[in-house]
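Below are the chains, spelled out letter by letter.
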Amino acid sequence: MSQAPQAKYRKDYQAPSHLITDIDLTFDLYDNDTIVTAVSKVIQNADSTKLELDGEGLELRSVKVNGEEWSHHEVKETSLLLAELPAEFELEIITKMDPEANTALEGLYKSGGAFCTQCEAEGFRRITYYLDRPDVLAKYTTKVIADKTAYPFLLSNGNRIAEGDAENGRHWVQWQDPHPKPAYLFALVAGNFDVLRDKYTTMSGRLVDLEIFVDKGNLDRAGHAMTSLINSMKWDEERFGLEYDLDIYMIVAVDFFNMGAMENKGLNIFNSKFVLANDQTATDRDYLGIEAVIGHEYFHNWTGNRVTCRDWFQLSLKEGLTVFRDQEFSSDLGSRADNRIDNVRIIRGPQFAEDSSPMSHPIRPDKVIEMNNFYTLTVYEKGSEVIRMYHTLLGEEGFQKGMKLYFERHDGTAATCEDFVCAMEDATGVDLTQFRLWYSQAGTPTLRVSSEYNADQKTYALTVEQFTEPTHDQAIKQALHIPFDIELYAQNGDVIPLVMNGESVHHVLDVKQDKQTFVFENVVERPVPSLLREFSAPVKLEYDYSDEELSFLMKHATNDFARWDASQMLLAKYIRQNVVNIQSGSEVKLSDELIDSFRGVLLDANLEPAFIAQVLSLPSINEITGWYKQVDIDAVDAVLNSITVSLSKALEDELSATYHSLRQAEYNIGHDAIGKRALRNRCLQFLAYTEKGNDLVIAQYDVANNMTDTIAAMTAANSAQLTCRETLMSDYSDKWKHDGLVMDKWFALQGSNPVEDALENVKATMSHEAFSLKNPNRTRSLIGSFLNTNPVRFHDKSGAGYQFAGEILRQLNDTNPQVASRMIDPLLKFRKYDEDRQALIRAELEKLKSMDNLAKDLFEKVTKALDE
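Thresholds, definitions, all that
Residues numbered from 1 in each chain as written. Predicted model: local features only at pLDDT ≥ 70, side-chain atom pairs only at ≥ 80, totals over all residues. Heavy atoms only, no water. UniProt positions renumbered as here; feature names shortened; annotations may be inferred. Helix = DSSP H or I, 4+ residues; strand = E, 2+ residues; numbered from the N terminus. Rg over C-alpha atoms; globule rule 2.2 N^0.38 Å. Buried < 20%, exposed > 50% of the residue type's maximum accessible area, 1.4 Å probe, protein only. Contact = heavy atoms within 4.5 Å. Areas by Shrake-Rupley, 256 points an atom, 1.4 Å probe, with all protein chains shown as cover. Lys, Arg positive; Asp, Glu negative; His and termini not counted. Charge placed at Lys NZ, Arg CZ, Asp CG, Glu CD. Pairing = 2+ DSSP bridges. Right-handed = clockwise from strand over helix to strand, strands pointing away. Patch = residues over 30% accessible without salt bridge, like charges linked within 9 Å, V, L, I, M, F, W, Y side chains within 5 Å. Salt bridge = Lys/Arg side-chain N within 4 Å of Asp/Glu carboxyl O.

For the chain, an unreviewed UniProt entry supplies the name Aminopeptidase N and the organism Vibrio alfacsensis. Recorded in UniProt for the chain, the comment headed Catalytic activity (unreviewed entry) runs: "Release of an N-terminal amino acid, Xaa-|-Yaa- from a peptide, amide or arylamide. Xaa is preferably Ala, but may be most amino acids including Pro (slow action). When a terminal hydrophobic residue is followed by a prolyl residue, the two may be released as an intact Xaa-Pro dipeptide."

Below is the structure:
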């Protein structure tokens, strides 16, 4: 690189030199030479007659100020500098771009046969020269002109205000958004779609048109998205008192999209993965994912759009808050325990891994080179856990008071994380000074807990120590304010009231010091503690539970999450122990008590099937890797396989009885039906390792009347390496090869196939007619699954997996660096492995670093990994 990209720092924030109050855009759409005319009303905001506008990949046609050609301008590599400007003026800029050639999928590009945009975080600068920053809010009027036959639908933000025909078979539509917004929320779509239409009446009586645009032939797969949208609108009114504020709400599903979806005001652009579903093409998880993402983007209308971010360092202000809201939405509509467990698995697995990687950062980063690199699990998922801690500390009533004050103060503005904290403080009177450290401190805190029971005084003491390991940018860590949810149980399973200093106390303790002791009174017998219930803070817990105590909690804890958590801690003990056994040449061993504990859960008729399925799911490789400074990936994989086989044999009768009892004749996506399928298919994953496994899997595949059961059968054949695997995979490919979205499930299975020549299979699969490296979904499904869910084959000691990853990353660096940056993460954690593997991974990172054209996205991550 001729010059290393420079970091930007949060502390250096300065208000913009100018404000743009209104912008009138005209798009004359052509595949290779689209013309954009932008007319803006600009006001000086500082003592400067110069204005520097962001712009990338644009051909400047003309610049006018107050209607006159403006010669006082300079085109730079990534900006347009204007000089000698008046204090207030009208600015007209005409630019040309090539949407067809835009493989980075940022700004304006072609997705299949449609034009679409993606402007978050900094894509609008690829459309026109502009102050492309979130604290510049303007009212947008947009006119879109295109061929009427090829692009009958011309869409943008706001409400449709005019339309008409133009010359040469073209037509135009004009849109106006009455709400000021930053450039990243701009959207445009032009194409030929099928449209699903409905209406919604808001709580104040406004009638809103709802429209979902999908590729031709996919209309039968849009119904669940519409239902989810209506449910989202209703839930946000009932839970938060927030209603929609435009005359129309539109969603467009596109196949080429770097993200899951985008909350552009009134015109959400979605990855088709999170819109299209019917029982033949989508699994239960797909349905639940669509519901969550539809909700997430709709909830952004207030937490992100009406109140946006002052700068991109504040990203968690909108994303962490909105993830919390979509999690609550899914929990209120479905199973709260099941959703909470899914959320915590993400935190304990990939998010904790991110916290311990070279890319570790606070939920509000202090510096950044490429903003796209901070659309992370830390900002989103850990950010949502920080919001959840507010809710835990303040309660629903206090939290809602804080939200109301937040909107009253900041509606229509660009706010900061500090603004949110202040609203919560001022609305409730709770001092959150120490709590603010969650925004600035990186890494995963650990709570080390010990207990002492005094039989004579009938007291029980819990001593809690907190510490956070140093991270690459922060050597010294401070004590955090950690809400620590606990419960104490008598030996008969009764809950013991918590009494301290003669007074009843809440079950959420405030841990604020490096070391604190909480002494509970009137405890007549040694209790069994349930600690960190509901995962009340995103921390690691260390407590020396006995097997008997964990089995007790699996039976008696009043909280479903706590029961599941106890099962995971019990499994973790045996996984750790058996990794040592494998390393010393011994066999994997499970105790009768462990097996009986899982048998008891499986046979408990009082438990929800979805919950039982969660208990029977082993921890992920990502989570287990996080337990070690340096992980023996081969030993861990061997242990997980052995435990699966051992449980399959020990519980075969119970698993078989449960499996056969849960078959459903009809498919529906009700919560109860989804839970039963989850447990039935979890049983199948174990039964695949028994003598009857091959026949069971074939039978399920042959009679499946829905995609959930089909994929479950194929997954079981894949993981257990059954003889029927190739037949099932071939049949599925023949049936669905015309549909890339449905084939993504097949590609994921190919990537995760644990067969010895897995890498060669992946390479061969890249020539499949449905695969394209230019499509982010296909790439993530096949190559992403190989890198992330096939650890033994990816981390093969030959280094072939690392070389393959390096080759792919170098290709993506040229075509779509944003996707490349998200796929490199497994290589960044190279210090987790042995010296030989470290050297092999480092060699690939050095090759990337030496590239002349290494994109900022990859440069930031590669240099951090190598310099750590």
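(A) Molecular detail of the overall build of the chain. In terms of regular secondary structure, the chain is built from 27 helices and 34 strands. Over its C-alpha atoms the chain spans a radius of gyration of 28 Å, differing by no more than 12% from the 29 Å that the globule rule assigns to 868 residues. Overall size of the chain, expressed as C-alpha extent along the three principal axes, is 90 × 65 × 60 Å. The proportion of buried residues among the 868 residues of the chain is 61%. Relative to all contacts within the chain whose residues are 6 or more apart in sequence, the contacts with residues 24 or more apart total 70%. When the accessible surface of the chain is summed, it comes to about 33,100 Å², and 46% of that surface belongs to carbon and sulfur atoms. Side-chain charges of the chain comprise 89 positive and 135 negative groups, with the mean position of each set lying 1 Å from the other.

(B) Expanded view of the pairing of strand 19 (residues 248-254). Most of strand 19 sits out of view: 7 of its 7 residues are buried. Of the two faces of strand 19, the one carrying I248, M250, V252 and V254 and the one carrying Y249, I251 and A253 are both buried. In terms of strand pairing, strand 18 (residues 207-214) meets strand 19 through 5 bridges, oriented parallel. If you follow L210 over to strand 19, its bridge partner there is Y249. After leaving strand 18, the chain enters helix 1 (residues 223-240) and then returns to the sheet as strand 19, a path that is left-handed.

(C) Layout of the UniProt feature "domain: Aminopeptidase N-like N-terminal" (unreviewed entry) in the chain. Following the UniProt record, the feature "domain: Aminopeptidase N-like N-terminal" (unreviewed entry) maps to residues 25-185 here. Between the end C-alpha atoms of residues 25-185 the distance is 14 Å, and the span holds 0% helix and 55% strand.

(D) How the structure looks around a negative patch on the surface. A surface patch of like charges, here negative, comprises E756, D757, E760 and D796. You can call D757 partly exposed: its relative accessible area is 39%.

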